[in-house]
Amino acid sequence: LVMLNSTRTELAPTTFACIITVEALLSIITLLCIPLVSEAVYNAGVIHRNFRIQVRLVSVVILLCISSRFVLLYYQLFDLPLEDNDIVLVIADIVRDSSFGYICGLPVENYELTFSVYIPYNINVSHGVNSTADTIFVFFTRYERQTPDTMIVIFLIELSNVVPSVANSTGWLFGYFSL
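Procedures and definitions
Residues numbered from 1 in each chain as written. Predicted model: local features only at pLDDT ≥ 70, side-chain atom pairs only at ≥ 80, totals over all residues. Heavy atoms only, no water. Helix = DSSP H or I, 4+ residues; strand = E, 2+ residues; numbered from the N terminus. Contact = heavy atoms within 4.5 Å. Areas by Shrake-Rupley, 256 points an atom, 1.4 Å probe, with all protein chains shown as cover. Phe/Tyr/Trp six-rings, centres within 6.5 Å; stacked < 30°, edge-to-face > 60°. Buried < 20%, exposed > 50% of the residue type's maximum accessible area, 1.4 Å probe, protein only. Lys NZ or Arg CZ within 6 Å of the ring centre and 35° of its normal. Patch = residues over 30% accessible without salt bridge, like charges linked within 9 Å, V, L, I, M, F, W, Y side chains within 5 Å. Salt bridge = Lys/Arg side-chain N within 4 Å of Asp/Glu carboxyl O.

Looking at an unreviewed UniProt entry, one finds the protein chain named G protein-coupled receptor, with Pristionchus fissidentatus as its source organism.

Spelled out as structure tokens, the structure:
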């Protein structure tokens, strides 16, 4: 959402108050529900362990996104200056934007988890070369045994999604990319 200060919200105070209230309520509901859903999925024994771990990691990313949104709401509500050199604001922006990039990259990541075992050299549109598929193909026996070594593979898969999304959001925020 767009960061606004009081000069813009004074044009329609009731409308902006309703929007901010709805956003705050939805964010609070999300903050309360995500840990419960994450715990329920993690404790479900019929779901593959690796998928349960990934759901838990996605839950952490969503919680970070919502928390960063609260920081931005705090700046809006208390009319704090929105300056480019404010480190808290910059970090909140990067976390919020990179979490959106992370969520958008999940379908590609899940595709890699599903099909990379059978097609080890497929092309990944989001990352160029499909390093995740190659990683799973090389470590397939460790990945499917659900041993502690699996965490290394899941960590590499998550890094292949987190690093490009953080780099992308940082690049757009600091103006390295433009349309």
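The discussion continues.
### Describing the overall build of the protein chain
What the protein chain contains, in helices and strands, is 7 helices and 2 strands. Reading the helices (α) and strands (β) of the protein chain from amino to carboxyl end gives α-α-α-α-β-β-α-α-α. In the protein chain, of all internal contacts separated by at least 6 residues, the share reaching a separation of at least 24 is 59%. For the protein chain, the accessible area works out to roughly 11,000 Å², and carbon and sulfur atoms hold 72% of it.

### Topic: the packing of aromatic side chains
Following the criterion strictly, the structure yields 3 aromatic pairs and no others. Relative to Tyr-75, the ring of Tyr-74 lies with its centre 6.4 Å away and its plane at 80°, an arrangement referred to as edge-to-face. For Tyr-74, a relative accessible area of 45% puts it in the partly exposed group. Take Tyr-75: its relative accessible area is 10%, and that puts it in the buried class. Relative to Tyr-176, the ring of Phe-174 has its centre 6.5 Å away and its plane inclined at 55°; by these criteria the two rings are tilted. For Phe-174, a relative accessible area of 46% corresponds to the partly exposed category. Geometry around Tyr-42 places Arg-52 over its ring, the cationic atom sitting 5.9 Å from the centre. The lysine or arginine in question, Arg-56, covers the ring of Tyr-42, its NZ or CZ lying 4.2 Å from the ring centre.

### Quick word on a nonpolar patch on the surface
Residues Ile-152, Phe-155, Leu-156, Leu-159 and Val-163 make up a contiguous nonpolar surface patch of about 450 Å² in total accessible area. With respect to the element layout, Leu-159 can be found in helix H7 (residues 149-173).

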